[in-house]
Amino acid sequence: MSLVAEAFVSQIAAAEPWPENATLYQQLKGEQILLSDNAASLAVQAFLQMCNLPIKVVCRANAEYMSPSGKVPFIHVGNQVVSELGPIVQFVKAKGHSLSDGLDEVQKAEMKAYMELVNNMLLTAELYLQWCDEATVGEITHARYGSPYPWPLNHILAYQKQWEVRRKMKAIGWGKKTLDQVLEDVDQCCQALSQRLGTQPYFFNKQPTELDALVFGHLYTILTTQLTSDELSEKVKNYSNLLAFCRRIEQHYFEDRGKVLKKHSRWYF
Amino acid sequence: RPGGRTRSPGRWAEAGRTAARCTAPGSIPSTSHSLACDPAEAWRESHSFSARLRVFSALKALWLWRESRAPLCTPGAFGEKVPESWAYAKFSGAPLKVNVIDNTWRGSRGDVPILTTEDNIVSQPAKILNFLRKQKYNADYELSARQGADTLAYIALLEEKLLPAVLHTFWVENDNYFTVTKPWFASRIPFPLSLILPGRMSKGALNRILLTRGEPPLYHLQEVEAQIYRDAKECLNLLSHRLGTSQFFFGDMPSTLDAYVFGFLAPLYKVRFPKVQLQEHLKQLSNLCRFCDDILNSYFRHSLGGISPAGQETVDANLQKLTQLVNKESNLIEKMDDNLRQSPQLPPRKLPTLKLTPAEEESNSLQRLSP
């Protein structure tokens, strides 16, 4: 969007308060949603919980196609539709709620840098695992991605998506990576996050920010999703402060408010 | 012996003088432009025991794209971080030889920069940095764990936000590409490739930008361009805030992050473009400009482009002298070798910054060569 259009949208956003019937759309939880989408969706949910904004989660098979940017999740607030964590954070800020107001410029720079790190490494690794690792693709991804659709549409859509993701991976240089290298990258990323978190409750000490929401979304999903092998979650489990961090956010922002994140939420410890 | 590396007196001569492993293996090397990095500095390094061992214990040559008309290399279309590797190696004191490659058949597969040692070949900048670190050329020794984490985060930020715009400025923006980048590259590579390779790199850059940033709701190339330049300017602002008034990103010693940032900013800052949107923005951020200038002056003084043939010979002569002096010391070093190798990893010596004025350059380096 151009600067003018963005300013315009912000203006409209600021005009109305947050409604009660805001909804978040994602794919079908049980059968269809994949690792990366689940992580993104959970991050947005966590962020909205942290801002104390009510949101209802609605699962639709065609959520990806409804979204304005082709990515899930997206929220439908009033008569506006916003997708992906970045724009949602800005949208919520325009409405007057923000988690990162208390940070100074250097801290904001750091926060943005860490968010990019998570997107760059964790999200890309998840995508790689889902779409470029043959074992996972065959066993899990294809079956799940096309599950709401009849044959042959389910196969066609799955292959199309796979082709798209592989093209992107090649463009950014991940096409030639092996699974071990990807896992090493994940390990490096988790190590960086763990070192940054240290012994603090949240990344910027007392108050959670969108970075906490994003990290929680990804780590929780990795820890509680069963894949063909446990290697990915093993990498995260090496860092006890990250585990404690996830547990803390789950308890504080979800369980205590009566929201069940997963029906059979098992921590694969 | 650790690492299984053998050290023989003959190697010292090699280490001091070897520059010429440029181009692809098996093809005819052209060595007329090989330069050593900073012989005077390398000599000063050698005066501390631990540094001596590390400096002369392995043979390293670095392949780089090198353009004599412009001071620095461009970021390649496939995200090759050529100046970063170079800068990092300088910061940590690793001896490396910058080689001009005239023959690009190997590099055309996008494998540049490449670090070759006697044992192995490492490509890709992140691996090169890791390799240098494992060989104990560690510019990050004094960083805390958290600063190391910050480094990774900022590198991710640079790659995500700044790289698309830099790629665009160099390879996609028509005016820049056809007037600066393409003739520049084409002049350095042999005939058939000079027609194909720049075009391919340009398409690769555009492809990468569109695939990673060109998703809906941005349907038009102009919208994508507007977005990536906006992100890049924001990223530069963030870097400027982070740098503040300090000399380097983490205190007084340069580190990996400084190498990365320098690698991105320096070409952007120095190359003269017709369309200068991003450059203008960068020039407004005075602390980033000062950062680039500082590093250029301190670490790249000897390697800046535009060295005349006469200057070239003087550098070679210095190198010869250095080699001879080094040979004399080699035996002593070998004896101390084992003892010092057993000791725990030592912090790097502080690299004194070179501030040489052009007139005194040669005489100063000559003076320093005498023990």
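Above this note sits the structure.
To keep things clear, this report deals only with the structure shown in the data block. Throughout, residues of each chain are indexed from 1 in the direction in which the sequence is written. Each chain gets a letter, beginning with A, and each ligand a number, beginning with 1, in the order they are written. Side-chain atom pairs in this predicted model are given and counted only at pLDDT of 80 or more, local residue features only at pLDDT of at least 70, and totals for whole chains, interfaces and linings cover all residues. Derived side-chain values reflect all non-hydrogen atoms in the structure, with water molecules and hydrogen atoms excluded from consideration.

1. Regarding the overall build of chain A
Then, number 1: Only DSSP runs of H or I with at least four residues qualify as helices, and only runs of E with at least two residues qualify as strands; both kinds are numbered from the N terminus onward. Across its full length, chain A carries 11 helices and four strands.
Then, number 2: Classification of residues uses two cut-offs on accessible area relative to the type maximum, computed with a 1.4 Å probe and protein chains only: under 20% is buried, over 50% is exposed, and between them is partly exposed. For chain A, buried positions account for 52% of its 269 residues.
Then, number 3: The contacts in chain A between residues at least 6 apart in sequence include a share of 76% that link residues at least 24 apart.
Then, number 4: Using a 1.4 Å probe, the Shrake-Rupley method yields the accessible areas, and only the shown protein chains count as cover for residues. Carbon and sulfur atoms make up 53% of the accessible area of chain A, which totals about 12300 Å². The contact criterion used throughout is that any non-hydrogen atoms of two residues lie within 4.5 Å.

2. Quick word on the overall build of chain B
Then, number 1: Scanning chain B from N- to C-terminus turns up 14 helices and five strands.
Then, number 2: Scored against the burial criterion, the 371 residues of chain B give a buried share of 56%.
Then, number 3: Taking all contacts inside chain B whose residues are at least 6 apart in sequence as the whole, residues at least 24 apart take part in 80%.
Then, number 4: Taken as a whole, chain B presents about 15500 Å² of accessible surface, with 55% of it coming from carbon and sulfur.

3. Quick notes on the side chain of A:Gln49
All names here are of chain A.
Then, number 1: In this structure, Gln 49 sits in helix H2 (residues 35-50).
Then, number 2: Taking the relative accessible area as the measure of exposure, Gln 49 reaches 6% and is therefore buried.
Then, number 3: Leave out the neighbours within four places in its chain, and Gln 49 touches Tyr 253, Phe 254, Arg 257 and Lys 259.

4. Regarding the environment of A:Val92
Residues and elements named next belong to chain A.
Then, number 1: Mapped onto the fold, Val 92 is located in helix H4 (residues 85-94).
Then, number 2: Sequence spacing of Val 92 and Leu 53 is 39 residues, and the spatial spacing of their C-alpha atoms is 9.4 Å.
Then, number 3: Sequence-distant contacts of Val 92, that is, excluding residues within four places in its chain, are made with Trp 18, Phe 47, Leu 48, Cys 51, Leu 53 and His 97.

5. Section: the side chain of A:Ser41
Residue and element names in this part refer to chain A.
Then, number 1: The residue Ser 41 is located in helix H2 in this model.
Then, number 2: Whenever a nitrogen or oxygen atom comes within 3.5 Å of another N or O atom, the pair is scored as a polar contact, on the condition that within protein one atom can donate a hydrogen and the other can accept it, and that pairs from neighbouring residues in sequence are kept only if both atoms are in side chains. Side chain to side chain, Ser 41 and Gln 26 meet in a polar contact 2.3 Å long.
Then, number 3: Not counting the four nearest positions on each side in its chain, Ser 41 is found in contact with Leu 24, Gln 26 and Pro 73.

6. Examining the interface of chain A and chain B
Then, number 1: Facing 27 residues of chain A, the contacting portion of chain B comprises 26 residues.
Then, number 2: Between chain A and chain B, the buried area comes to about 2500 Å², and carbon and sulfur atoms account for 58% of it.
Then, number 3: Contact with chain B buries surface across chain A, with A:Glu116, A:Asn120 and A:Gln195 losing the most and accounting together for 18% of the total.
Then, number 4: By salt bridge we mean one thing: a side-chain nitrogen of Lys or Arg within 4 Å of a carboxyl oxygen of Asp or Glu. Across the chain A-chain B interface, the total number found is three salt bridges.
Then, number 5: The tally of links between chain A and chain B comes to three residue pairs in polar contact (both at pLDDT 80 or more).
Then, number 6: For the side of chain A that touches chain B, the secondary structure elements donating two or more residues are helix H1 (3-15), helix H5 (105-131), helix H7 (153-171) and helix H8 (179-197) of chain A.
Then, number 7: No other element matches H5(A), which puts 11 residues into the side of chain A that touches chain B.
Then, number 8: Note that Gly is not counted as nonpolar here; it falls among the polar residues with everything else outside the nonpolar set of Ala, Val, Leu, Ile, Met, Phe, Trp, Tyr, Cys and Pro and the charged set of Asp, Glu, Lys and Arg. Of the residues that constitute the side of chain A that touches chain B, the class distribution is 12 nonpolar, six polar and nine charged. A 1.4 Å probe defines the accessible area here, and the buried area is the portion of it lost by two parts on being joined, summed over both.

7. Side note on the packing of aromatic side chains
Then, number 1: Each Phe, Tyr or Trp ring (for Trp, its six-membered ring) is paired with any other whose centre lies within 6.5 Å, and the angle between the two planes then decides the class: stacked below 30 degrees, edge-to-face above 60, tilted in between. With the rule as written, the count across this model stands at 10 aromatic pairs over all chains.
Then, number 2: Here the aromatic rings of B:Phe249 and B:Phe291 are separated by 5.5 Å at their centres, their planes lie at 80°, and the arrangement is edge-to-face. Here B:Phe291 lies in helix H12 (residues 286-299) and B:Phe249 lies in the loop between helix H9 (221-243) and helix H10 (256-270), a separation of 42 residues in the sequence. The two residues B:Phe249 and B:Phe291 agree in class, both being buried.
Then, number 3: One cation-aromatic arrangement involves A:Lys177 over A:Trp174; the distance from NZ or CZ to the ring centre is 4.0 Å.
Then, number 4: Any Lys NZ or Arg CZ found within 6 Å of a ring centre and within 35 degrees of that ring's normal is scored as a charge over the ring. Note that A:Arg196 overlies the ring of A:Phe204, its terminal NZ or CZ placed 4.9 Å from the centroid.

8. Things to note about the sheet that holds strand E1 (residues 23-26) of chain A
All names here are of chain A.
Then, number 1: Pairs of strands are assigned from DSSP output, requiring at least two bridges between the strands. The four strands lie next to each other as E2-E1-E3-E4, forming an open sheet whose pairing is mixed. At either end of the open sheet lies a strand with only one pairing partner, and these are strand E2 (56-59) and strand E4 (80-83). Each adjacent strand pair in this sheet contributes to an overall mean axis angle of 25°, direction not counted.
Then, number 2: As paired strands, E1 and strand E3 (residues 74-77) are joined by three bridges and run antiparallel to one another. From the neighbouring strand, Thr 23 faces E3, where its bridge partner is His 76.
Then, number 3: Angles shown run from 0 to 180 degrees and are taken between the N-to-C directions of axes, each axis being a line fitted to C-alpha atoms and, for helices, limited to the stretch in contact. Running at roughly 165° to E1, H2 makes contact with E1, E2 and E3 of the sheet.

9. Regarding the pairing of E1(A)
Residue and element names in this part refer to chain A.
Then, number 1: Burial along E1 is two-sided: the residues Thr 23 and Tyr 25 and Leu 24 and Gln 26 are all buried.
Then, number 2: Alignment of E1 against E2, held across four bridges, turns out to be parallel. Paired with Gln 26 across the bridge in E2 is Cys 59.
Then, number 3: Handedness of the E1-H2-E2 crossover: right-handed. When the strands point away from the viewer and the path from the first strand over the helix to the second turns clockwise, the crossover is right-handed.

10. Observations regarding unusual backbone geometry
Residues and elements named next belong to chain A.
Then, number 1: Of note, the bond from Val 72 into Pro 73 is cis; its omega dihedral lies within 30 degrees of zero at 0°.
Then, number 2: Note that Pro 73 resides in the loop between helix H3 (63-66) and E3.
Then, number 3: The residue after Trp 151, namely Pro 152, is reached through a cis peptide bond having omega 0°.
Then, number 4: Locating Pro 152 in the fold gives a position in the loop between helix H6 (134-145) and H7.
Then, number 5: Phi is positive for Asn 52, which is not a glycine, with a value near 65°.
Then, number 6: Along the chain, Asn 52 falls in the loop between H2 and E2.
Then, number 7: On the accessibility criterion, Asn 52 (56% relative accessible area) is exposed.
Then, number 8: Located in the positive-phi region is Glu 84, a residue other than glycine, with phi close to 70°.

11. Some points on the nonpolar core
Then, number 1: Counting 137 residues, the largest nonpolar core has A:Trp18 and A:Ile75 as the members making the most contacts within it.
Then, number 2: Among the elements that line this core, the one with the most residues is helix H6 (residues 145-172) of chain B, at 15 residues.
Then, number 3: What A:Trp18 contacts, discounting residues up to four positions off in sequence, is A:Leu48, A:Leu53, A:Pro54, A:Ile55, A:Ile75, A:Val77, A:Phe91, A:Val92 and A:Lys95. Residues belong to a common nonpolar core when they are buried Ala, Val, Leu, Ile, Met, Phe, Trp, Tyr or Cys residues joined through side-chain atoms within 4.5 Å.

12. Digging into the environment of A:Thr141
All names here are of chain A.
Then, number 1: When you line up the elements, Thr 141 lands in helix H6.
Then, number 2: Separated by 106 residues in the primary sequence, Thr 141 and Leu 35 place their C-alpha atoms 9.2 Å from one another.
Then, number 3: Each residue touching Thr 141, except ones within four places of it in the same chain, is listed here: Leu 34, Gln 130, Trp 131 and Thr 136.

13. Points about helix H7 (residues 174-188) of chain B
Then, number 1: Taking 1.5 Å of rise per residue, the 15 residues of H7(B) would be expected to cover 21 Å, and the 20 Å separating its terminal C-alpha atoms lies within 8% of that figure.
Then, number 2: What is called the bend at a residue is the angle between a pair of axes, fitted to the seven residues leading up to and ending at it and to the seven starting from it. B:Lys182 marks where H7(B) bends most, by close to 35°; the proline B:Pro183 follows one to four residues later. Helix span, as expected, comes to 1.5 Å for every residue beyond the first.

14. So, a negative patch on the surface
All names here are of chain A.
Then, number 1: Patch definition: residues above 30% relative accessible area lacking any salt bridge, with like charges linked at up to 9 Å and the nonpolar side chains Val, Leu, Ile, Met, Phe, Trp and Tyr linked at up to 5 Å. For this count, His and the chain ends are skipped, Lys and Arg are scored as positive, and Asp and Glu as negative. Where a charge sits is defined by one atom per residue type, namely NZ (Lys), CZ (Arg), CG (Asp) or CD (Glu). A cluster of acidic residues, Asp 180, Glu 184, Asp 230 and Glu 231, forms a negative patch at the surface.
Then, number 2: Its location among the elements puts Glu 184 in helix H8.
Then, number 3: Given a relative accessible area of 56%, Glu 184 falls into the exposed group.

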